[in-house]
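Here is what each chain is made of, one letter per residue.
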Amino acid sequence: MSTPSDSKPSILVVSDPGVPTARIKHFLPDIQTELNTVVGHEVDIKHIKHLIPITPENQITSDLDLPDEARDIDYAVRILLTEMPLHHGRHPVVAQIDFDRGILAVSCPPMGMLYPRRRLVSTIGRGVESLIQNSTSDGEHVQNWNEWSSEGDDSFTRLYSNTWTGVPRTILGMVRSNRPWKTAPKLSSALTAASAAGAFGIFYNSIWQMAESLSSLRMAIITLVAILVMTTWLILRNQLWDRPIHDRLARVVALYNISTVVTLVIAISILYIALFILILLGGLVVISPGFMQETLGIPTQPGNYFNIAWLSASMGVIAGGLGSGFDSEADLQQMTHGRRERQRVLSKDKDEDD
């Protein structure tokens, strides 16, 4: 083994493609500063993007199968940043330390959606400090949002997520990793079909009359039903609902399923808003105020166009969206944690471009 520098401890950071790699790239200067502080002098950080293999029990496998450039260096610490949720018992695990292998594994989802920088940098700093000191028993590793703890059933020291906020924060973190704003464009075929169905609302005055007669509450309920119907259809058609192989994995799989539902609801809501805007613009171009006033028997107002687009978008999502799906199997495979986990379980594959 060789070390890149005799004066600097060498630390390897391995991150999953996607959100973990993006976070590391953005936060690397902060991580460098934090590690310099906890170690007491400057450290040498090597970062690579690599798919981190996971066992069927949602643990980091012992065989990391690192790229060639990372195998021949004796790293003082190896930090693994994964997008997969880690669990121990019934509790989400933010990070875990394996003293025997000198590995700090950090799970992105329990970091949450909005403020990951402080948590991520603090977790990596405290974990590396513990590994270098080879102990967490001195009481100096309590973070302001949780504590590291060891248990007698294995050799790991873990940072558990908060009892009350841990599960919601983990779900939101998983949704962020699923990136629903990138999922919506992958439903372009559904948007095309929904647009064709929703366009009927522009040309049929019976839909104008119905839109004018419905209350805002009813319209909101119709919108909610339309989004949920399409969400259910996509889950059933594409078999996105996961079932646990073992009872002990039921809690993790439940997180997968909840995050899938939330991801699809957000993606379809984005599609719904796009459809609403398209129909609204089409209505403004096609329907003249005079003809609308003659048909409805009331003075034409901007709200009339708004209501027509609102009802038509709901109709389009229900009528046109059903039967549609994702643009390709590759899009589907990368959309949810459950699919990505099945791709990576004990996988030897090389990293794919994000």
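Quick notes on the packing of aromatic side chains
Line of reasoning, step 1. In the structure shown here, the tally under the stated rule is four aromatic pairs.
Line of reasoning, step 2. For the pair W208 and F291, a centre-to-centre distance of 5.7 Å together with 85 degrees between the ring planes defines the contact as edge-to-face. On the criterion of sequence distance, the pair formed by W208 in helix α7 (residues 205-213) and F291 in helix α10 (residues 289-296) is long-range, its members being 83 residues apart.
Line of reasoning, step 3. With a relative accessible area of 42%, F291 lands in the partly exposed category.
Line of reasoning, step 4. Judged by centre distance (5.1 Å) and plane angle (70 degrees), the rings of F276 and F306 are edge-to-face.

Notes on α7
Line of reasoning, step 1. All of the buried residues in α7 are I207, W208 and A211. Relative to the axis of α7, the buried residues are bounded by an arc of 105 degrees and lie together on one face.

Focus on the environment of I222
Line of reasoning, step 1. Within the fold, I222 resides in helix α8 (residues 216-237).
Line of reasoning, step 2. You can call I222 partly exposed: its relative accessible area is 27%.
Line of reasoning, step 3. On a C-alpha basis, the gap between I222 and I318 in space is 9.8 Å, while along the polypeptide they are 96 residues apart.
Line of reasoning, step 4. Once you skip the residues sitting within four places of it in the chain, I222 turns out to touch L214, L311 and S314.

Examining the nonpolar core
Line of reasoning, step 1. Counting residues in each nonpolar core, the largest one holds 33 residues, and the members touching the most others are L187, I287, M292 and V317.
Line of reasoning, step 2. For this core, the leading source of residues is helix α9 (residues 250-286), giving eight residues.
Line of reasoning, step 3. Ignoring any residue separated from it by four or fewer positions in sequence, one finds M292 in contact with W208, I287, G297, T300, N304, Y305 and I308.
Line of reasoning, step 4. In terms of nonpolar packing, the next biggest core, distinct from the first, is built from 27 residues, I11, V13, L35 and L131 among them.

Brief notes about helix α3 (residues 166-178)
Line of reasoning, step 1. Taking 1.5 Å of rise per residue, 13 residues should cover 18 Å, and α3 covers 18 Å from first to last C-alpha, within 8% of that figure.
Line of reasoning, step 2. Within α3 the residues assigned to the buried category are G166, R169, T170, I171, G173, M174, V175, S177 and N178.
Line of reasoning, step 3. Downstream of α3 by one or two residues, R179 has phi in the positive range, about 50 degrees.

Considering the pairing of strand β2 (residues 44-49)
Line of reasoning, step 1. Summarising the sheet, strand β1 (residues 10-15) and β2 pair through six bridges and their orientation is parallel. Directly across from I11, in β2, lies its bridge partner I45.
Line of reasoning, step 2. Once you follow β1 into helix α1 (residues 19-39) and on to β2, the crossover reads as right-handed.

Let's talk about the pairing of strand β5 (residues 91-98)
Line of reasoning, step 1. With respect to burial, β5 is a largely interior element, seven of its eight residues being buried.
Line of reasoning, step 2. Where strand β4 (residues 86-88) lies against β5, three bridges are found, and the strand directions are antiparallel. Bridging across to β5, H88 finds its partner in H91.
Line of reasoning, step 3. Once β4 ends, the chain turns through two residues before running back antiparallel as β5, passing G89 with a positive phi of about 70 degrees.
Line of reasoning, step 4. Bridge count for β5 against strand β9 (residues 156-160) is five bridges, and the pairing is antiparallel. Counted as the bridge partner of V93 is Y160 from β9.
Line of reasoning, step 5. Sheet topology places β5 next to strand β6 (residues 103-107); four bridges connect them, and they run antiparallel. When the bridges of β6 are listed, I97 appears paired with L104.

Focus on the side chain of N257
Line of reasoning, step 1. Structurally, the position occupied by N257 is in helix α9.
Line of reasoning, step 2. For N257, a relative accessible area of 4% puts it in the buried group.
Line of reasoning, step 3. N257 has contacts with L240, W241 and D242, leaving out every residue within four places of it along the chain.

Here's the deal with a nonpolar patch on the surface
Line of reasoning, step 1. A cluster of nonpolar side chains, namely L217, I221, V225, V229, W233, I318 and L322, defines an oily patch on the protein surface of about 560 Å² accessible area.
Line of reasoning, step 2. At five residues, α8 tops the list of elements feeding residues into the nonpolar patch.
Line of reasoning, step 3. Relative to the helices and strands, V225 resides in helix α8.

Quick notes on the packing of helix α5 (residues 188-198) against α9
Line of reasoning, step 1. At a closest axis distance of 10 Å, the pairing of α5 and α9 adopts a crossing angle of 40 degrees. As the angle between them shows, α5 and α9 are arranged oblique. As α5 runs across α9, the sense of the crossing is right-handed. Two secondary-structure elements touch here, α5 through A190, L191, A194, S195 and G198 and α9 through L271, L275, L278 and I279.
Line of reasoning, step 2. Residues belonging to the contact of α5 with α9 are distributed by class as follows: seven nonpolar, two polar and no charged.

What about the pattern of salt bridges?
Line of reasoning, step 1. Counted under the stated rule, the structure contains four salt bridges.
Line of reasoning, step 2. One salt bridge in this structure joins D30 and R117, with 2.3 Å as the shortest N-O distance. In this pair, D30 sits in helix α1 while R117 sits in helix α2 (residues 116-133), placing the two residues 87 residues apart along the sequence.
Line of reasoning, step 3. R117 gets classed as partly exposed once you look at its relative accessible area, which sits at 41%.
Line of reasoning, step 4. We note a salt bridge from R126 to E129, for which the minimum N-O separation is 3.1 Å. One end of the pair, R126, and the other, E129, are both in helix α2, three residues apart, so they sit about a helical turn from each other.

Analysis parameters
- Residues numbered from 1 in each chain as written.
- Predicted model: local features only at pLDDT ≥ 70, side-chain atom pairs only at ≥ 80, totals over all residues.
- Heavy atoms only, no water.
- Phe/Tyr/Trp six-rings, centres within 6.5 Å; stacked < 30°, edge-to-face > 60°.
- Helix = DSSP H or I, 4+ residues; strand = E, 2+ residues; numbered from the N terminus.
- Buried < 20%, exposed > 50% of the residue type's maximum accessible area, 1.4 Å probe, protein only.
- Arc of directions from axis to C-beta.
- Contact = heavy atoms within 4.5 Å.
- Core = buried A, V, L, I, M, F, W, Y, C linked by side-chain atoms within 4.5 Å.
- Expected span 1.5 Å × (residues − 1).
- Pairing = 2+ DSSP bridges.
- Right-handed = clockwise from strand over helix to strand, strands pointing away.
- Patch = residues over 30% accessible without salt bridge, like charges linked within 9 Å, V, L, I, M, F, W, Y side chains within 5 Å.
- Areas by Shrake-Rupley, 256 points an atom, 1.4 Å probe, with all protein chains shown as cover.
- Salt bridge = Lys/Arg side-chain N within 4 Å of Asp/Glu carboxyl O.
- Axes fitted to C-alpha atoms, helices over the stretch in contact; angles between N-to-C directions.
- Parallel < 35°, antiparallel > 145°, perpendicular 65-115°, else oblique.
- Left-handed = near helix turned anticlockwise from the far one by under 90°.
- Nonpolar A, V, L, I, M, F, W, Y, C, P; charged D, E, K, R; others polar.

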